[in-house]
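# Coordinate inspection notes
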Amino acid sequence: MARSPEVRGVPHGAGARAKLLPVLPALLLFIGLLIGLFTPRDVRPDAFLATAMVAAAALLPLWGTVLIGVGACAIFVGLMVDFNALRDVTAYSELATLAAIATFAVFLNRLLGRRAHQLVQVRSVAEAAQLAVLHPVPRHLGDVTLEGLYVAAAEEARIGGDLYEAIRTPHGVRLLIGDVRGKGLLAVQAAAAVLSAFREAAHDEPDLPHLACRLETSMSRQASQYPGVPGSEIAERFITAFLAEIPDDEPVVRSVTCGHPPPLLLHRGGVRKLQPAAPSPPLNLGMLVGDGYHVDLAPFHPGDQLLLYTDGVTETRDRSGAFYPLAERIRMWSGEAPHQLLEHLHRDLIAYSGGELNDDIAALVAQRRPSR
């Protein structure tokens, strides 16, 4: 049964702190009250009261902003009564200033609210576009179990050029994972073109070199439609890609590498990187291919798993700048099912980076189901 791809935002470490931010305006009001009550009269709490109202405009809903503004003015009036300053012209001037700031805070809150609503709509469209590109990956294709993962680098970045696909064909299950140079709508456009070509050609082409040529042709045609467009990088855009074929009747996996990081083969608790013997350049750089695309062959027995990933995984850094040791970490979960393996990988990447992933991440696991 097909499921929606795992499209996730990163639960940053700042998430817990963000929940405390709405308390900040009330805390500033309380500090202003303490300053007014327990410091000399020439020490004014105006700065804290004004800051509380501006903070409320950014952090609270409209009713909260109004409440903080009324509270700030009420505190100041109370202090005027406490200090017998009801006839102090300067105090009334400061009160008027606070009232003006409260009014401005309400206006600012409404403006930010409209901007936030627009951002939500834009993000919804972006996520819909991403989901339209990344079609649901079936859990089972023949004797192959699959699981996919897409992790956005940030909550605001739900759209990018990482891609993957799995299709059952007369030649077996064919897999694609790729990474478009760049981000944004142009990257999604390029990814969509390659995925469309793969979904069509995977059924027709007799082998992976012919399939890679079809994808190269598709990218070249798309690039040729934008010659000399000002501000467009589409003609310079390329896609690193890895193609794999898992035949139904042979315990092997065939692959073609086009400038993409090599996958990991998990076999009986061991992890092996499938380094290509003769890697080809990324798609849309096919003019650099000399003798055609080289097919690599590796054993792929029942129970084995193949982990395909984009460079966002291996280029994740910790606080010291060290890259994520994928082969070392994945060995701990080599006995897990594909879904659990990617869950472990996702959580570990978040922990390793301290919640500060700087690139989108895509991963696809294919497991040949054990013999019954």
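Since this is a predicted model, take the numbers as computed values, not measurements.

With that settled, consider the state of the cysteines. Applying the stated criterion to the full structure yields zero disulfides. Distance from the sulfur of Cys 213, which forms no disulfide, to the nearest cysteine sulfur (Cys 258) is 9.1 Å.

Let's shift gears to the pairing of strand 8 (residues 239-246). The buried fraction of strand 8 is high, at eight of eight residues. Here strand 8 shows a buried face lined by Ile 239, Ala 241, Leu 243 and Glu 245 and a second buried face lined by Thr 240, Phe 242, Ala 244 and Ile 246. Pairing between strand 7 (residues 172-180) and strand 8: eight bridges, direction antiparallel. Bridged to Leu 176 within strand 8 is Leu 243. Bridge count between strand 8 and strand 9 (residues 252-258): four bridges; the pairing is antiparallel.

This part takes up the environment of Arg 221. Within the fold, Arg 221 resides in helix 7 (residues 208-224). Since its relative accessible area comes to 57%, Arg 221 is described here as exposed. Residues Arg 221 and Asn 284, spaced 63 residues apart in sequence, show a C-alpha to C-alpha distance of 9.1 Å.

Glancing now at the pattern of salt bridges. Taken as a whole and assessed by the stated rule, the structure comprises nine salt bridges. Arg 139 serves as the salt-bridge partner of Glu 147, at 4.0 Å between the closest nitrogen and oxygen. A salt bridge links Asp 248 to Arg 168; the shortest N-O distance between them is 3.3 Å. Taken as a pair, Asp 248 in the loop between strand 8 and strand 9 and Arg 168 in strand 6 (residues 162-169) lie far apart in primary sequence, 80 residues in all. The network of salt bridges with shared partners includes Arg 174, Glu 245, Glu 250 and Arg 254.

So, on to unusual backbone geometry. One non-glycine residue, Arg 268, lies in positive phi territory at about 50°. Note on placement: Arg 268 falls in the loop between strand 10 (264-267) and strand 11 (270-273).

What follows concerns a nonpolar patch on the surface. Together, Leu 21, Val 23, Leu 24, Leu 27, Phe 30, Leu 34, Leu 37, Phe 38 and Leu 59 make up a nonpolar patch on the protein surface, roughly 810 Å² of accessible area in all. Following the sequence through the fold, Leu 34 ends up in helix 2 (residues 24-38). Judged by relative accessible area, which is 34%, Leu 34 ranks as partly exposed.

Let us look at the packing of aromatic side chains. All chains considered together, the criterion is met by one aromatic pair. Between Tyr 324 and Tyr 352, the aromatic rings sit 5.2 Å apart at their centres with planes inclined by 85°, giving edge-to-face as the arrangement. Taken together, the residues Tyr 324 in the loop between helix 8 (311-314) and helix 9 (326-330) and Tyr 352 in helix 10 (residues 338-353) connect sequence positions 28 residues apart. The pair Tyr 324 / Tyr 352 is uniform in exposure class, with both members buried.

Before going further, it helps to spend a moment on the environment of Gly 354. Note that Gly 354 resides in the loop between helix 10 and strand 14 (361-368). Taking C-alpha positions, Gly 354 is 6.9 Å from Asp 318, a pair spaced 36 residues apart along the chain.

Let's shift gears to the nonpolar core. Ranked by size, the top nonpolar core spans 49 residues in total, and within it Leu 175 and Leu 243 carry the most contacts. Among all residues touching Leu 243, those that are not within four sequence positions of it are Leu 175, Leu 176, Phe 198, Leu 208, Leu 211, Ala 212, Leu 215, Arg 254, Ser 255 and Val 256. In this structure, Ala 57, Ile 68, Cys 73 and Ala 85 belong to the second largest nonpolar core, which totals 24 residues.

Strands pair in a sheet through their backbones, by hydrogen bonds, and they do so in one of two ways: parallel or antiparallel. With antiparallel pairing, five strands are arranged side by side in an open sheet as 6-7-8-9-12. Looking at strand neighbours, the two that pair on one side only are strand 6 and strand 12 (296-299), the edges of this open sheet. Neighbour-to-neighbour, the strand axes of this sheet turn through a mean angle of 20°, independent of strand direction. Contacting strand 7, strand 8 and strand 9, helix 7 crosses the sheet at an angle of about 150° to strand 8.

Looking now at the confidence of the model for the chain. In the predicted model, the chain carries a mean pLDDT of 84, and 83% of its residues have values of at least 70. Per-element mean pLDDT across the chain ranges from 46 in strand 1 (residues 2-3) up to 97 in strand 13 (residues 305-309). Segment residues 9-14: pLDDT under 50, and 16 contacts once partners within four positions in sequence are set aside and those in other chains are kept.

All right, on to the packing of helix 3 (residues 46-59) against helix 4 (residues 62-82) then. Taken N-terminus to C-terminus, the directions of helix 3 and helix 4 make an angle of 170°; their axes are 8 Å apart at the nearest point. Taken together, helix 3 and helix 4 sit at an angle that is classed as roughly antiparallel. Of the residues in helix 4, those in contact with Asp 46, Leu 49, Ala 52, Met 53, Ala 56 and Ala 57 of helix 3 are Thr 65, Ile 68, Gly 69, Ala 72, Ile 75 and Phe 76. Of the residues in the contact of helix 3 with helix 4, the class split is nine nonpolar, two polar and one charged.

If you check helix 10, its first and last C-alpha atoms are 23 Å apart, about what 16 residues at 1.5 Å a residue would give, namely 22 Å. Taken as a whole, helix 10 has its buried residues at Pro 338, Leu 341, Leu 342, Leu 345, His 346, Asp 348, Leu 349, Ile 350, Tyr 352 and Ser 353.

The rules behind the values
Residues numbered from 1 in each chain as written. Predicted model: local features only at pLDDT ≥ 70, side-chain atom pairs only at ≥ 80, totals over all residues. Heavy atoms only, no water. Disulfide = S-S within 2.5 Å. Buried < 20%, exposed > 50% of the residue type's maximum accessible area, 1.4 Å probe, protein only. Helix = DSSP H or I, 4+ residues; strand = E, 2+ residues; numbered from the N terminus. Pairing = 2+ DSSP bridges. Salt bridge = Lys/Arg side-chain N within 4 Å of Asp/Glu carboxyl O. Patch = residues over 30% accessible without salt bridge, like charges linked within 9 Å, V, L, I, M, F, W, Y side chains within 5 Å. Areas by Shrake-Rupley, 256 points an atom, 1.4 Å probe, with all protein chains shown as cover. Phe/Tyr/Trp six-rings, centres within 6.5 Å; stacked < 30°, edge-to-face > 60°. Core = buried A, V, L, I, M, F, W, Y, C linked by side-chain atoms within 4.5 Å. Contact = heavy atoms within 4.5 Å. Axes fitted to C-alpha atoms, helices over the stretch in contact; angles between N-to-C directions. pLDDT = per-residue confidence, 0-100. Parallel < 35°, antiparallel > 145°, perpendicular 65-115°, else oblique. Nonpolar A, V, L, I, M, F, W, Y, C, P; charged D, E, K, R; others polar. Expected span 1.5 Å × (residues − 1).

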